Amino acid sequence: MSSRHLISVQDLSKAQALGLLSTAKELARITDGPNKKLPTLRGKSIVNLFFEDSTRTRISFETAAKRLSADVINFSAKGSSVSKGESLKDTAQTLQAMGADAVVIRHGSSGAAKRLADTQWISATVINAGDGTHEHPTQALLDAFTIKEHLRADAQDLSGVHVVIVGDILHSRVARSNVLLLDKLGAQVTLVAPPTLLPVGVTEWPVEVSYNLDDVIDKCDVIMMLRIQLERMQDSYFPTEREYARRYGLNSNRLSRLKSTAIVMHPGPMNRGLEISADSADDVRSVVVDQVKNGVSVRMAVLYELLGGAPINVEAGEKK
Ligand code: CP
């Protein structure tokens, strides 16, 4: 990686991104076997610094770190001295004083992870686990890994794969990171959303834009449904949830028009009945559970690369 931090997908070249996916695949092969734990990061401490709620990202970073034998400290802003007004700087320095080698940060403010990495507040490696509406690079990596495993396992990259990303693009750090990474890896991306849920400047993104899901549903290889982020909406972005579901939701009628080889993705948490119907979420083409599983291997690869773990003997599942 170009730096010792991972803040944005833009920190990665195409070769580095593909290298991470390849390392993740090797790690998955090892940890799918009887020997789930590697001694690679023994003696390292990793802090999960979460100022926003999370299920998948926090737990998978914790699992990834433990599988590499690192020590893990979980910090949640709820119930901490943040509620007494303690700043990001003081919180981070407190955790650094306890010996953190890496800080995995999720924060509601776009740019929080970069600020932590750019200032001299702490010397630890910083990994962005989602900052406001900006980026979520490890989600994009696990999504690319999942797409590659299902559709391009033996190919160099994702050339020729058509990915349609549907929904609340405006508030989605997942969409931004995915667009950047999928484009880097050669995929074609179409965004589908009401005009109110597209960011200013989307015309500069390397994507096609459509306002009509029915125009593209039968042409894509991947359909990625995004959560409607009601908690980030101060205004009314669509008339009613029912109207949104009717125009932009993945329902049984649209599901029947998807290619038989297409895959259905969602980063979670899902609003079943709003952006995705229960039968779509549970369809045989849904890879939502795979995304979660792959998140562990991809985050292991990121921690391994950034913290300079000892080389792995893939055959033996042991340190060389
Ligand atoms: N996809 C994702 O970031 O999920 P969590 O909010 O549960 O971490």
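Scoring rules and cut-offs
Residues numbered from 1 in each chain as written. Predicted model: local features only at pLDDT ≥ 70, side-chain atom pairs only at ≥ 80, totals over all residues. Heavy atoms only, no water. Helix = DSSP H or I, 4+ residues; strand = E, 2+ residues; numbered from the N terminus. Rg over C-alpha atoms; globule rule 2.2 N^0.38 Å. Buried < 20%, exposed > 50% of the residue type's maximum accessible area, 1.4 Å probe, protein only. Contact = heavy atoms within 4.5 Å. Areas by Shrake-Rupley, 256 points an atom, 1.4 Å probe, with all protein chains shown as cover. Lys, Arg positive; Asp, Glu negative; His and termini not counted. Charge placed at Lys NZ, Arg CZ, Asp CG, Glu CD. Salt bridge = Lys/Arg side-chain N within 4 Å of Asp/Glu carboxyl O. Near = heavy atom within 4 Å. Polar contact = N/O pair within 3.5 Å; in protein donor to acceptor, adjacent residues only side chain to side chain. 1 Å grid on protein atoms, 1.4 Å probe; cavity = no way out; pocket = protein on both sides within 12 Å on 5 of 7 lines; lining within 4 Å. Sits in = over half its atoms within 2 Å of the grid points. Domains from an automatic or database assignment. Pairing = 2+ DSSP bridges. Axes fitted to C-alpha atoms, helices over the stretch in contact; angles between N-to-C directions. Buried area = accessible area lost by both parts, 1.4 Å probe. pLDDT = per-residue confidence, 0-100. Phe/Tyr/Trp six-rings, centres within 6.5 Å; stacked < 30°, edge-to-face > 60°.

Draft legend 1. Fine view of the overall build of the protein. Of regular secondary structure, the protein possesses 11 helices and 11 strands. Taking 20 Å as the expected radius of gyration for a compact globule of 320 residues, we find that the protein reaches 20 Å, a close match to that expectation. The dimensions of the protein, computed from C-alpha atoms along their principal axes, are 55 × 50 × 35 Å. Residue burial in the protein is summarised as follows: out of 320 residues, 55% are buried. Counted over contacts in the protein with a minimum sequence separation of 6, partners at least 24 positions apart contribute 75%. Accessible surface computed for the protein: about 13700 Å², of which carbon and sulfur atoms make up 48%. Distance between charge centroids for the protein: 4 Å, based on 38 positive and 37 negative side chains.

Draft legend 2. Here's a closer look at the pattern of salt bridges. Counting across every chain of the model gives 16 salt bridges. Of the charged contacts in the structure, one is a salt bridge between Glu52 and Arg173, with a shortest N-O distance of 3.0 Å. Of the two residues, Glu52 sits in the loop between β1 (45-50) and α2 (56-67) while Arg173 sits in helix α6 (residues 173-184), which places them 121 residues apart along the sequence. Ionic pairing is found between Arg246 and Glu243, a salt bridge with its closest N-O pair at 3.2 Å. Taken together, the positions of Arg246 and Glu243, both in helix α8 (residues 241-248) and 3 residues apart, correspond to about one turn of that helix. Overall, Arg246 belongs to the exposed group, its relative accessible area being 54%.

Draft legend 3. Representation of the site of the ligand in the model. Residues in close proximity to the ligand include Ser54, Thr55, Arg56, Thr57, Arg106, His136, Gln139, Pro267 and Gly268, which together make up its full environment. One of the backbone nitrogen or oxygen atoms of Thr55 is found 2.8 Å away from an oxygen atom of the ligand. Between the ligand and Pro267, the relevant distance is 2.9 Å, taken from a nitrogen atom to a main-chain nitrogen or oxygen of the residue. When isolated, the ligand has an accessible area of 250 Å², and the protein chains bury 91% of it. Most atoms of the ligand, that is more than half of them, are within 2 Å of grid points of the largest pocket. Residue assignment places the shell around the ligand across two domains, with domain 1 (9-135 + 292-319) and domain 2 (137-288) each supplying three or more.

Draft legend 4. Region of interest: the sheet that holds strand β2 (residues 71-76). Read from one edge of the open sheet, 4 strands run β2-β1-β3-β4, paired in parallel fashion. At either end of the open sheet lies a strand with only one pairing partner, and these are β2 and β4 (125-131). Neighbour to neighbour, the strand axes of the sheet diverge by 15 degrees on average, direction disregarded. When β1 meets β2, the two strands line up parallel, connected through 6 bridges. Of the residues in β2, the one forming a bridge with Ile46 is Val72.

Draft legend 5. Highlighting the domain arrangement of the protein. Domains assigned within the protein are domain 1 (9-135 + 292-319) and domain 2 (137-288). Of note, the centres of domain 1 and domain 2, computed from C-alpha atoms alone, are 25 Å apart. Facing the 31 residues of domain 1 at the interface are 29 residues of domain 2. Regarding the contact of domain 1 and domain 2, the summed buried area is about 2600 Å², with carbon and sulfur atoms giving 63% of it. Counting the surface domain 1 buries against domain 2, the share from its top three residues, Val9, Leu21 and Thr133, is 24%.

Draft legend 6. View of the confidence of the model for the protein. Per-residue confidence for the protein averages 93 on the pLDDT scale, and 95% of its residues sit at or above 70. In the predicted structure, residues 314-320 sits below a pLDDT of 50 and forms 18 contacts with residues beyond four places in sequence or in another chain.

Draft legend 7. Focus on the packing of aromatic side chains. This structure, assessed with the given rule, holds 3 aromatic pairs. The structure contains a cluster of three or more aromatic residues connected by ring pairs, namely Phe238, Tyr244 and Tyr248.

Draft legend 8. Examining the sheet that holds strand β6 (residues 188-192) more closely. With respect to topology, 5 strands assemble into an open sheet ordered β7-β6-β5-β8-β9, the strand pairing being parallel. Whereas interior strands pair on both sides, the edge strands pair on one side only; in this sheet they are β7 (208-210) and β9 (263-265). When strand polarity is set aside, the average angle formed by the axes of neighbouring strands in this sheet is 20 degrees. Two strands pair when backbone bridges link them, and strand β5 (residues 162-166) and β6 are joined in this way by 5 bridges, in the parallel orientation. Each residue of the ladder has a partner; that of Ile165, found in β6, is Leu191. Against the sheet, helix α5 (residues 137-151) contacts β5, β8 (222-225) and β9, and its axis sits at roughly 165 degrees relative to β9.

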